[in-house]
Each structure stands twice: as structure tokens, then as C-alpha cells.
Amino acid sequence: MNTAQARAFDPSESALVGIYEISKLLASPNRLEKTLAGVLALLSSFLDMRHGLIALLDAHGDPEVVVGSGWSEVNAKKFFEHLPERAVGQIVATKMPLVVENVAASPLFEGTDLSEWGPTDGRPFSLIGVPIKEADAVVGTLTVDRVYSDRSSVRFDRDVRFLTMIANLVGQTLRLHKLIARDRERLMQEKARLEKGDRPAHIEARFDGIKGIVGESPAVRAVVDKIRIVAKAKSTVLLRGESGTGKELFAAAIHNLSPRQSKPFVKLNCAALPESVLESELFGHERGAFTGAAALRKGRFELADGGTLFLDEIGDITPAFQAKLLRVLQEGEFERVGGTRTMKVDVRFVCATNRNLEEAVQKGEFRADLYYRISVVPIFLPPLRERKGDLAPLANEFLRRFNNEQNVNLTLSESAMEVLNECSFPGNIRELENCVYRTATLARGDAIADRDFSCRNDGCLSSVLWNGSRESTIGGLHAPSFTPLPIVSKPQPPAPPPRPAAPVRPPVEEAAPVSAAAPAACPGAENCTVIESDHRSDRDKLIEAMEQAGWVKAKAARLLGLTPRQIGYALQKYDIPVKKF
């Protein structure tokens, strides 16, 4: 419909047609800026106007989106900035329309440079502004200007009513856009969670009402009890433990048990991104901040506002980025990349690392002040070797998931559980899951037996991955082992350095009992060797230990500091028949 046709209508009929056409446009699934520009284009067909502007304001009252009729986005924002703050402020503050019949004679526009508004052939011009509301809050303004004429104020009254109805439609559209964006974000997070849940590093069962945690061992129960307490507070939590112990799972439990459970739980792996990308991911960026920044993007801090932000592998960030992160942790303030406006968020931080941060502080690799900020409430997650009682329920849970995925009905036999119990699983729960899935995939019957495991067929991954890290001597045999992350139970905060040059003293910690040699992994028979300095042969020492133990493998293993499986391998290797009494 062109302008001539619109003006040929009766005024009331023209307004109805205008509302109808604009409502159709607002209902179309276009980008918001494009939709608002279309609204202004239609308004020019039904109103006598020179320029039109729709400005959407953020929570601070600053223009966030500005669209103009016949203007580019940059020029529209520039034109909006030429509107006196008093005029726009009156619309926002009073939540009422504003009519200025002669802009040049209005006190609201006193001192305003009107040359940017374009030529008017010496005639003054008028301005009409109406608020755009979402519920009872003003979220924007709709303004039009026209050349002033001697027509009666009836025309103004009619146009104000018409513009108010259009502004109400725009406000409802904005509300729907926000609801759709919120639902889309929630669905994307849920989709990502489900996709990750296809093969999680940690299981999704329930422990005392907490989703994903399985086990009844005292070590796990102690952690859960502490989480229930700290979840109620806002203090920053630092989850510490070896890789594969379930740090992300426990972070989610802290969020779900907190008063923020209805707000977003946002996650970021700090070690997965370079510093330049990490800054944009956390703080967001303005449009044009760098090559490829085609639109404004909110960072993880903004997305987590009111909720919880989980920063995994925080010990791996660079010293330069540590300084940037410290300010957000202290003040809750930051600027988007390429932006100048300081933004404030209310976020509860949960961090995680498998590094020894005290050692990193001493070496100057990690800032001491940032250490104090993130380690307000440290929680140490036990490795799987300290949760022996949980191994069976964990293995059965992983097998249940495998059965559901593959539509099979496998079970774990007693011999299979003996194999699992003999292994210390240096890779923790992640390694146990891998072992169960691999063995279940290659199982030759309905019940998984000991012969189905890779370690029974010279293919033990633990032996390959962990054997070379460190060797310890126990009872004359070299036992392959690994160096676990020190797990402490009662850490004290590090003492501050007496002067800047002095090294930071690590916290006094009560270490969990660790034997002279860490538990062995799952080595093959070829890994059992004897110290060269011992004059006795491997075979002699093995026979001597077996004789002392009454030919009981478990007792001989304790005498030599090995596992029963290692003893079994060694007996096979040296072809020593087991005596039976």
C-alpha cells in the first residue's frame, strides 16, 4: 500500500489498516532490527512525518538498539543522540507521550543544534514521542518529527493515540523476543548437556538426591556433606583433585543445591582456549571489536548473571589473564572487549584445577592474590583408589548405560569384579568408564569375565600410560606406579610473603596417607623385573615369597608389595606351578 492510497482512507480506517499491517510485520520471524525498521517504513505511509526513530534502552537507560526511518544504523544512533536528554528523559520518567508543536520554541530543546535535522525551508517542525513499555517499565521510545503546520491539535491527538498503540505492539514483540531468546538459550544448554551425556566422564545416577554422584564410601560422603553446607553460601569454591575425579559433576551439585538453582549454570574450560579467545568468551565483545566481530556478543559472565559460573582448569590460565580475572572476582565488574562501559554482574564462582597451586605460586606461575580469591573454600575430591567401596556400583552403572545404548543385557561376573578390584585406575572414574565400555564391547558372552579384559590379553592401557612415570622398589620387584596429585584434607591458607621478593610459603597441609610407592596400575607380565643389585634371581625371590605365604597369591603379594595380579603374571612368566595343599 502506497502513501496516496493510505491518505485516501478515512482517518479512523487508515489507523486500523496501519495497525493491521504493522501487527503482521511484528509477527514475522525476522531479525529484531529488520522488523523495527519495517515498522518505521510502514509508519511513513500512514503518518505525515520526516524522520522516525525507535530506540531500545538497556537497564542503565542507554540506547542499546536504535533504528531509524531512512537512516543507517550508525546515523540513526547519531540522530538519536541529538535528541535532548531532557526530552527523552521526560518520556521515560513520566511514561507518558510527549508532543512538541514547535521544537525551536520549546525549552526542552534550548541550546540544541537543530542543523542535523535537515532542511525545513525555514519552517519550524514538530516532534511526537511515545514510550515503549514492557509491562510497566519503559524499555524504549518511538519518536517522529514533521514540518510544523497551522493545523489544529486534533491531528496531534489522533497521531499520539495511533503511535501509542504501535508502541504497545512493539513492547509486546520485545517481550516475546526475550522469552524466545531465553528459551533458545536454555534449549541449547540442555542440548549440549544431553550431547555430552551420551558418553560422560561421570555417571548420572543419584547420591542422596544429588544427580550424577554414585557411591557410599566415607570419602565421597564427606565431600557431599561439605558441598551441602557450602552450596548455601556465596563464597567462591575451589574444587581440587586429579583428572577424572568428577570436578564438573560436583560443581553442578553445588549450583543445584544453592539458592541460585533456578538461574543459569555456565561452564568454561579455561585450558581449552587461547588467551585472546578466552577473554572474548568470558567478557563478551562489542560489534567491530576485532575482525569477525559482526555483532555484539555477551560473554559467560553476563550469561551467568544471577547464577553460577564454573571455571574449569583455572590453574592453566596465563599470568596476564590472571590479572584481568582478579578484578572480576573482586568487584564483579568488567568491560566487553572493545567496549568502554563497565558492567556489573552477580555471579557465584566455582573453580577447579588438578594442579598444585601452592607450588605454582612459589614458582611465580600463579598470582598469590588470585589464589586467595579462588581458594576461599577448597574441596578436595578423592581419587578412585581411595573409593574402593564405590568401584562396584560405578562399574555397574557404566555397564547399565552401555546396555541401554547398545540394547544388550550384559552383566559383570565375579571374576570380572576381581580384575577391576585389583586395578588402582590412575585415570580415576574416566578410566574406569573407558575400561568398562571397551571390555563390554569386546565381551564374548552375556557375562563379562576376567578373560575379556585387555590386561588379560597383553593390552592393558594403564600399563602403557602410567608405567613410565615412576618406578618404586618394593620387596625386590619393580612395581610400575604413577605420581598422584597430593590430596590434602585440612589445608591452611598460605602465609603472606614478608616482602615482595620473598617466595610465598605453601600452606601447611595434613597430607592423606600415601605409601612409599603409589598403588600399581595394571601391568602385564613383561613389566615384572628384578633389581640388578640383588644377587638372587627373580624366580628365586618369587618362590621364596610364595613359600612364606603358603602359596597364597594375596599373601605373597603383600610380602612383595605387589598386587595379586602381578604375582600371577610373574608366576606365568617364570613358569612356576602353584602348589596346592
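Please refer to the structure placed before this passage.
On a predicted model such as this, the values are computed, not experimentally measured, just so you know.

Now for the overall build of the protein chain. When helices and strands are tallied, the protein chain shows 20 helices and 20 strands. Burial status across the protein chain gives 47% buried among its 581 residues. Long-range contacts, defined here as pairs at least 24 residues apart, represent 67% of the contacts in the protein chain between residues at least 6 apart. Total accessible area computed for the protein chain in this model is approximately 29300 Å², and 53% of it derives from carbon and sulfur atoms.

Time to look at the environment of Ala 167. Examined against the element boundaries, Ala 167 turns out to sit in helix α6 (residues 153–196). A residue is classified by how much of its surface remains accessible, and Ala 167, at 0% relative accessible area, is buried. Note: C-alpha distance between Ala 167 and Gly 129 (38 residues apart in sequence) is 10.0 Å. Setting aside residues up to four positions removed in sequence, Ala 167 forms contacts with Val 130, Pro 131, Ile 132 and Leu 142.

As a further point, take unusual backbone geometry. The residue Glu 313 is not glycine, and still its phi comes out positive at about 55°. Backbone geometry at Asn 407 places phi at a positive 60°, although glycine is not the residue there. Looking at the secondary structure, you find Asn 407 in the loop between α14 (391–406) and β17 (411–412).

Moving on to the sheet that holds strand β9 (residues 265–269). If you trace the five strands from one edge of the open sheet to the other, you get β9-β12-β15-β8-β16, paired in parallel fashion. The strands lining the two open edges of the sheet, one partner per strand, are β9 and β16 (377–380). The average undirected angle you get between the axes of adjacent strands in this sheet is 20°. Bridging between strand β12 (residues 308–312) and strand β15 (residues 348–353) involves four bridges; their strand directions are parallel.

Taken in spatial order, the five strands line up as β2-β1-β5-β4-β3 in an open sheet, and their pairing is antiparallel. Of all strands in the sheet, those with a lone pairing partner are β2 (63–68) and β3 (98–100), marking the two edges. Here the average twist between neighbouring strands, direction ignored, is 15°. Sheet topology note: the strand β4 (residues 125–134)/strand β5 (residues 137–147) ladder contains ten bridges and is antiparallel. Along β5, the bridge assignment pairs Ile 132 with Gly 140. Helix α3 (residues 32–46) contacts β1 (51–57), β2 and β5 of the sheet and is inclined by roughly 150° relative to β1. Packed on one face of the sheet, helix α5 (residues 85–94) meets β1, β3, β4 and β5 and runs near 130° to β5.

Counting through the fold element by element, Thr 353 comes out in strand β15. A relative accessible area of 0% means that Thr 353 is categorised as buried. Look past the residues within four positions of Thr 353 in its chain and what remains in contact with it is Leu 238, Leu 239, Arg 240, Gly 241, Lys 247, Ile 314 and Gly 315.

When you tally the buried positions in β1, you get seven out of seven residues, the bulk of the element. Here β1 shows no split at all, with His 51, Leu 53, Ala 55 and Leu 57 on one side and Gly 52, Ile 54 and Leu 56 on the other all buried. Note that β1 and β5 share six bridges and pair antiparallel. Directly across from Leu 56, in β5, lies its bridge partner Gly 140. Bridge count for β1 against β2 is five bridges, and the pairing is antiparallel. Residue pairing for β2: Leu 53 is matched across the bridge by Gly 68. Hairpin geometry of β1 and β2 is characterised by an intervening segment of five residues between the two adjacent antiparallel strands and by a positive phi of about 85° at Gly 61.

So, how was this worked out
- Residues numbered from 1 in each chain as written.
- Predicted model: local features only at pLDDT ≥ 70, side-chain atom pairs only at ≥ 80, totals over all residues.
- Heavy atoms only, no water.
- Helix = DSSP H or I, 4+ residues; strand = E, 2+ residues; numbered from the N terminus.
- Buried < 20%, exposed > 50% of the residue type's maximum accessible area, 1.4 Å probe, protein only.
- Contact = heavy atoms within 4.5 Å.
- Areas by Shrake-Rupley, 256 points an atom, 1.4 Å probe, with all protein chains shown as cover.
- Pairing = 2+ DSSP bridges.
- Axes fitted to C-alpha atoms, helices over the stretch in contact; angles between N-to-C directions.

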